[in-house]
Amino acid sequence: MRTADVVVIGGGIHGCSTALHLALRGLKPILVEKDYAGRHASGVNAGGVRQLARDLAEIPLSISSMDLWEKIEDLVGDDCGFTNNGTVLVAENDEELASFRARVDDLRMRGYTHEELIGRDELKRLVPAVSDHCPGGVVSRRDGAADPFRTTQAFRKRAIERGAEVIEGVTVTGLARVGDVWRVETSAGPIEAPKVVNAAGAWADRIAAMLGEPVPLTVVAPMLMVTSRLPAFIDPVVILRGRKLSFKQLDNGTVVIGGGHLAVPYRDRNETVIDWTKLAISARTVWELFPAMRIATIVRAWAGIEAYMPDGIPVVGPSATSEGVYHQFGFSTHGFQLGPGTGAMMAELVATGATNVPIDGLGIERFGTLKPG
Ligand SMILES: Cc1cc2nc3c(=O)[nH]c(=O)nc-3n(C[C@H](O)[C@H](O)[C@H](O)COP(=O)(O)OP(=O)(O)OC[C@H]3O[C@@H](n4cnc5c(N)ncnc54)[C@H](O)[C@@H]3O)c2cc1C
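Residues numbered from 1 in each chain as written. Predicted model: local features only at pLDDT ≥ 70, side-chain atom pairs only at ≥ 80, totals over all residues. Heavy atoms only, no water.

Concerning the overall build of the protein
- Helix and strand counts for the protein stand at ten helices and 24 strands.
- Scaling as 2.2 N^0.38, a compact globule of 373 residues should have a C-alpha radius of gyration of about 21 Å, and the protein matches this with 21 Å.
- Each principal axis of the C-alpha atoms in the protein carries an extent, and together these give about 65 × 45 × 40 Å.
- The buried share among the 373 residues of the protein stands at 54%.
- Averaged over its 39 positive side-chain charges, the protein has a centre that lies 3 Å from the centre of its 44 negative ones. (Helix = DSSP H or I, 4+ residues; strand = E, 2+ residues; numbered from the N terminus. Rg over C-alpha atoms; globule rule 2.2 N^0.38 Å. Buried < 20%, exposed > 50% of the residue type's maximum accessible area, 1.4 Å probe, protein only. Lys, Arg positive; Asp, Glu negative; His and termini not counted. Charge placed at Lys NZ, Arg CZ, Asp CG, Glu CD.)

Shown next as structure tokens:
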């Protein structure tokens, strides 16, 4: 019988980050991943590291994560390709700009200063290629982007170096309480541990179901496409609110275009089917917003399998039914940036029973799940 202090289910950025931070606290975690670390959303996402435009409930986690992103090399021994040229939310008309102003004012009243309203001149300075019809926007200057697969692998590697065990190609198939511990059934035999973290991404509802804790998770598959190389013309990541778009140029000149149009996911087969008609909508948006992009050629498109919650924010915190089990899933297409900080917070919660980073509003009980009986 294998034993551990904590079994972490899932080897995405969240599971790997939590395993590392548990090991840094002197605990012995075993991480179980059914495929390989970074195989799903964490390895194939757009790499956006953004505090901008986050739900209020996520902001403390996002800020604590950004503090770790800024010293990521110290944490994992790799700079993860992280660059911080900011994220700019572009307003396409005066009405949008007015709503952005209201949001920034509201954040200031709550003590958050990371979002900054900008007018036409500053927008043009930050994003010279943007179309002249845009009257301004919001910038979060500490934001940036990183290489997602490299980042997830760096967390995995450092977790192992610090004493975590990572078992890949093995699926968690059951959870049962046996005395004081959890017996985690896997396709390679059972593991016993007093604590379990459910970081199973788009499959996390199945782990929750094993605990009698149903959760309304939807499986989605955001799409991305990438262009051929273009001369450097943009530094920050650009996002839109009204139309679905996120947009950034990599160091090699290629431009990654995404923003929320969805492929069809088949999570039991680890497959997605690209919807080219929806990608054409993203291409049209880019055409209108960045005239310089009209010569670009799309060379590749892909999608990743991701968990989406009805309110668009993750499930983070203790199980409502099962003592010793913690949830960390449902990142609703924006969980990459949250990985470093949420792992640190989760390790603190698991190790001490409390956390200094507020996670109010993120608990599973918001879906009306039963309390421990
Ligand atoms: C195309 C795309 C673009 C995105 N762009 C961004 C972005 O720019 N910025 C941003 O912040 N976020 C972005 N996201 C969202 C981000 O990628 C995810 O929110 C984040 O990676 C989720 O991490 P995770 O560790 O929770 O899940 P995952 O990476 O899915 O990891 C969960 C792991 O659990 C494993 N697992 C599941 N069930 C079991 C089981 N029973 N036993 C063992 N293992 C199991 C899975 O195989 C999987 O590897 C994007 C997502 C996609 C798909």
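Side note on helix H5 (residues 94–109)
- Counted at 1.5 Å a residue, the expected span for H5 with its 16 residues is 22 Å, and the 23 Å between its end C-alpha atoms agrees.
- Along H5, the residues that are buried comprise Glu96, Leu97, Phe100, Val104 and Leu107. Across the axial projection of H5, the buried residues extend over an arc of 95°, all falling on one side. Residues of H5 that are exposed and angled more than 90 degrees away from the buried face: Asp94, Glu95 and Met109.
- Tucked into the core, H5 has its buried residues touching helix H3 (59–69), strand E5 (87–91), strand E6 (116–119) and strand E7 (136–140).
- Capping of H5 at its N-terminal end is provided by Asn93; its side-chain oxygen lies 3.2 Å from the backbone amide nitrogen of Glu95.
- Gly111 sits one or two residues past H5 and shows a positive phi near 95°. (Expected span 1.5 Å × (residues − 1). Arc of directions from axis to C-beta. Contact = heavy atoms within 4.5 Å. Polar contact = N/O pair within 3.5 Å; in protein donor to acceptor, adjacent residues only side chain to side chain.)

A few points about the site of the ligand
- In the vicinity of the ligand lie 35 residues, with Glu33, Ser42, Gly48, Glu306 and Gly335 positioned nearest.
- Taking Ser42, its side chain carries an N or O atom lying 2.5 Å from an oxygen atom of the ligand.
- In the complex, 95% of the free accessible area of the ligand, which totals 1000 Å², lies under the protein chains.
- For the shell around the ligand, the secondary structure elements donating two or more residues are helix H1 (13–24), strand E3 (29–33) and helix H2 (41–44).
- Here the shell around the ligand spans two domains, and each of domain 1 (2–76 + 148–215 + 312–367) and domain 2 (87–143 + 219–308) adds at least three residues to it. (Near = heavy atom within 4 Å. Areas by Shrake-Rupley, 256 points an atom, 1.4 Å probe, with all protein chains shown as cover. Domains from an automatic or database assignment.)

Details of the domain arrangement of the protein
- Domain assignment breaks the protein into domain 1 (2–76 + 148–215 + 312–367) and domain 2 (87–143 + 219–308).
- Taken together, the 34 residues of domain 1 in the interface contact 31 residues of domain 2.
- For the pair domain 1 and domain 2, the two sides together bury roughly 2600 Å², of which 55% comes from carbon and sulfur.
- Summed over the shared surface of domain 1 and domain 2, the number is four salt bridges.
- The salt bridge partner of Asp67 is Arg142, with a shortest N-O separation of 2.7 Å. (Buried area = accessible area lost by both parts, 1.4 Å probe. Salt bridge = Lys/Arg side-chain N within 4 Å of Asp/Glu carboxyl O.)

Here's the deal with the pairing of strand E15 (residues 223–227)
- Of all five residues making up E15, five are buried, and the element is well covered by its neighbours.
- Side chains Met223, Met225 and Thr227 of E15 all project onto a buried face; the interleaved residues Leu224 and Val226 project onto the opposite face, where all are buried too.
- Where E15 lies against strand E21 (residues 298–303), five bridges are found, and the strand directions are antiparallel. The residue bridging Thr227 from the neighbouring strand is Ile298, located in E21. (Pairing = 2+ DSSP bridges.)

Some points on the packing of H1 against helix H7 (residues 148–161)
- The N-to-C vectors of H1 and H7 enclose an angle of 30°; their axes lie 8 Å apart at closest approach. As the angle between them shows, H1 and H7 are arranged roughly parallel. For the pair H1 and H7, the sense of crossing is left-handed. Note on element contacts: H7 touches H1 through Thr151, Thr152, Phe155, Arg156, Arg158 and Ala159, opposite Ile13, Cys16, Ser17, Ala19, Leu20, His21 and Ala23.
- In the contact of H1 with H7, the residues fall into seven nonpolar, four polar and two charged. (Axes fitted to C-alpha atoms, helices over the stretch in contact; angles between N-to-C directions. Parallel < 35°, antiparallel > 145°, perpendicular 65-115°, else oblique. Left-handed = near helix turned anticlockwise from the far one by under 90°. Nonpolar A, V, L, I, M, F, W, Y, C, P; charged D, E, K, R; others polar.)

Considering the nonpolar core
- The biggest cluster of nonpolar side chains holds 42 residues, and the ones touching the most others in it are Trp69, Ile72, Val76, Phe155, Val197, Met345 and Met346.
- Counting residues per element, the ones that place at least two in this core are strand E2 (6–9), H1, H3, helix H4 (72–76), H7 and helix H10 (339–352).
- Broken down by element, this core gets its largest block of residues, six residues, from H1.
- Excluding residues that lie within four positions of it along the chain, Met346 makes contacts with Thr18, Val197, Val316, Gly317, Tyr326, His327 and Gln328. (Core = buried A, V, L, I, M, F, W, Y, C linked by side-chain atoms within 4.5 Å.)

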